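What the coordinates show
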Amino acid sequence: MTTIAFNLQSHAATEYDWDFSSLSGRYATGAEGLLALGGDTDAGRPIAALATTPVSQHKSSLVKGVAMVYVSTPSAQVQGLEVLVELPTGQRYAYALQQQARGVARAQPGRGIRESYLGFGVRNVAGADFEIERIEVQTHASATRRV
């Protein structure tokens, strides 16, 4: 049985594949009794985390290229984070984030990306922790091309 926890403040959902009868904060109960939740791994594997935006036209139906993706983060460490560029086909391209000054990291996607609909996200690599405040995307639109 899958247990789904929903954070009402951040609107984040987490799925657990354990048979819990109740879940509260860092504790859960099940047939085995009271369990403390926590740790740096998920059943011995690095915790995979992903935050994405919906795939959308981003202000215009014109075909766009992506010049730069900026991620604002209060974390000083962005090593182990990747920016994702998602196409309408579901295809994703990952680019390593480079730390810049003042809590901003950036990634420069490939020049061949040209789409009307794009989605963006941040994911961790090998269980790295991260916290993001904002994803800003610098695009350059075609002057006339919509298809």
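Quick note: structure is the one above.
In what follows, the accompanying structure is described. Computed from a prediction, not measured in an experiment: that's the story for all the values here.

Details of the sheet that holds strand β5 (residues 33-36)
The three strands are arranged β3-β4-β5 in an open sheet whose pairing can be described as antiparallel. Two strands close off the open sheet at either side, each with one partner strand: β3 (20-24) and β5. Sheet twist, expressed as the mean angle between neighbouring strand axes with direction ignored, is 20°. Where β3 meets strand β4 (residues 27-30), four bridges bridge the pair, whose relative direction is antiparallel. Note that in β4 the partner of L23 across the bridge is A28.

Some thoughts on the nonpolar core
Counting 14 residues, the largest nonpolar core has V66, V83, V85, L97, I113, L118 and F120 as its most contacted members. The set of elements that each furnish at least two residues to this core consists of β9 (64-72), β10 (81-86), β13 (104-107) and β14 (119-124). Top element by residues in this core is β9. It accounts for three residues.

A short note on the sheet that holds β13
Strand order in this open sheet of four strands is β12-β13-β9-β15, and the pairing throughout is antiparallel. The sheet terminates laterally at β12 (98-99) and β15 (134-141), the two strands that pair on one side only. With eight bridges connecting them, β9 and β15 associate as antiparallel partners. Counterpart to V66 in the pairing with β15 is T139.

Here is what the cut-offs are and how they apply
- Residues numbered from 1 in each chain as written.
- Predicted model: local features only at pLDDT ≥ 70, side-chain atom pairs only at ≥ 80, totals over all residues.
- Heavy atoms only, no water.
- Pairing = 2+ DSSP bridges.
- Helix = DSSP H or I, 4+ residues; strand = E, 2+ residues; numbered from the N terminus.
- Axes fitted to C-alpha atoms, helices over the stretch in contact; angles between N-to-C directions.
- Core = buried A, V, L, I, M, F, W, Y, C linked by side-chain atoms within 4.5 Å.
- Buried < 20%, exposed > 50% of the residue type's maximum accessible area, 1.4 Å probe, protein only.

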